[in-house]
Amino acid sequence: MRRPWNMIDMPVYSLATYTDSVFNMNISTYVQPVSMKPKIYMIAVYHGTRTLDILEQSQFAVLQLLSVKHKKLIRPLGKKSGRNYNKQAYLQKNDWLTQWKGVSVLRDCSALLYLEKKDSIEIGGDHRLFWFDVKGSRSINDQNILYFQDLISEGLIMG
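Read on for a plain summary of the structure. (Residues numbered from 1 in each chain as written. Predicted model: local features only at pLDDT ≥ 70, side-chain atom pairs only at ≥ 80, totals over all residues. Heavy atoms only, no water.)

### A word on the packing of aromatic side chains
So the rule is basically this: Pairing of aromatic rings covers Phe, Tyr and Trp, the last through its six-membered ring, and needs centres within 6.5 Å; plane angles under 30 degrees mean stacked, over 60 mean edge-to-face, and all others mean tilted. Only DSSP runs of H or I with at least four residues qualify as helices, and only runs of E with at least two residues qualify as strands; both kinds are numbered from the N terminus onward. Only protein chains enter the accessibility calculation, which uses a 1.4 Å probe; a residue whose area is less than 20% of its type maximum is buried, one above 50% is exposed, and one in between is partly exposed.
For the coordinates displayed, the defined rule picks out six aromatic pairs. On the numbers, 5.3 Å between centres and 10° between planes, the contact of Tyr-18 with Phe-60 is stacked. Separated by 42 residues along the polypeptide, Tyr-18 in strand E1 (residues 13-19) and Phe-60 in strand E5 (residues 60-65) bring together distant segments of the chain. Tyr-18 gets classed as buried once you look at its relative accessible area, which sits at 6%. Centroid distance Phe-60 to Tyr-114: 5.2 Å. Interplanar angle 15°. Geometry classified as stacked.

### Observations regarding the sheet that holds strand E3 (residues 31-35)
To keep things clear, this is the line we draw: A pair of strands is considered paired only if DSSP assigns at least 2 bridges between the two. In this description, a line fitted to the C-alpha atoms serves as the axis of each element, helices being fitted only across the stretch in contact, and the angle between N-to-C directions of two axes falls anywhere from 0 to 180 degrees. In this description, contact between two residues means that some pair of their heavy atoms is separated by no more than 4.5 Å.
The seven strands lie next to each other as E2-E1-E5-E8-E9-E4-E3, forming an open sheet whose pairing is antiparallel. Where the open sheet ends on each side, the last strands, each with one partner, are strand E2 (22-25) and E3. With strand direction ignored, the average angle separating the axes of adjacent strands in the sheet is 35°. Pairing analysis gives four bridges linking E3 to strand E4 (residues 40-46), with the strands arranged antiparallel. Along E4, the bridge assignment pairs Ser-35 with Ile-40. Contacting E1, E2, E4, E5, strand E8 (111-122) and strand E9 (127-139), helix H1 (residues 50-57) runs over the sheet at an angle of about 50° to E1.

### Brief notes about a nonpolar patch on the surface
To be explicit about the condition: Patch criteria: residues need more than 30% relative accessible area and no salt bridge. Like-charged residues are merged within 9 Å; nonpolar side chains of Val, Leu, Ile, Met, Phe, Trp and Tyr are merged within 5 Å. The accessible surface values rely on the Shrake-Rupley method and a 1.4 Å probe; as for residues, cover is taken only from the protein chains in view. For this analysis, a salt bridge means a side-chain nitrogen from Lys or Arg found within 4 Å of a carboxyl oxygen belonging to Asp or Glu.
Among the surface-exposed residues, Met-1, Met-7 and Ile-8 lie close enough to one another that they form a single nonpolar patch of about 410 Å² accessible area. Within the secondary structure, Ile-8 is located in the segment before E1.

### Regarding the pattern of salt bridges
Enumeration over the complete set of coordinates arrives at six salt bridges. Between Lys-71 and Glu-154 there is a salt bridge; the shortest N-O distance is 3.1 Å. Of this pair, Lys-71 sits in the loop between E5 and helix H2 (74-79) while Glu-154 sits in the segment after helix H4 (148-153), and the two are 83 residues apart along the sequence. The class for Lys-71 is partly exposed, based on a relative accessible area of 25%. Glu-122 serves as the salt-bridge partner of Arg-128, at 2.8 Å between the closest nitrogen and oxygen. For Arg-128, a relative accessible area of 18% corresponds to the buried category.

In structure tokens, the structure reads:
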């Protein structure tokens, strides 16, 4: 039997963080909209990551709702650390990038959300909790969204 937190199927995202001309992307499932007006998202970011390093310096990020086409990015974006692996170079070399609102984002996303960082809190445990105002969004395709259970079925993560 799966653990309770793995029973619920949730969408898989990539949080793109930017500083100067450098960016990093991760895999995020601890993501939740928490307000309708204004639209606010909460995202838990793992300690000790390049994503956290950049996010602490930056005021914005892009939340990318992944499609099933992104399954092959789970290992390079989610299982490798941006501290010792250049995810930006990997994505550029493999033609995974396009531009949106003046920044690099993944091709073939289901949706994009331009986020402005509001605040964060240390909650204990292995993540820091951030909340963001949504300042822009683009819905691209509501078919073939990548879900947590897809990652388990493909053996990319353990249930």
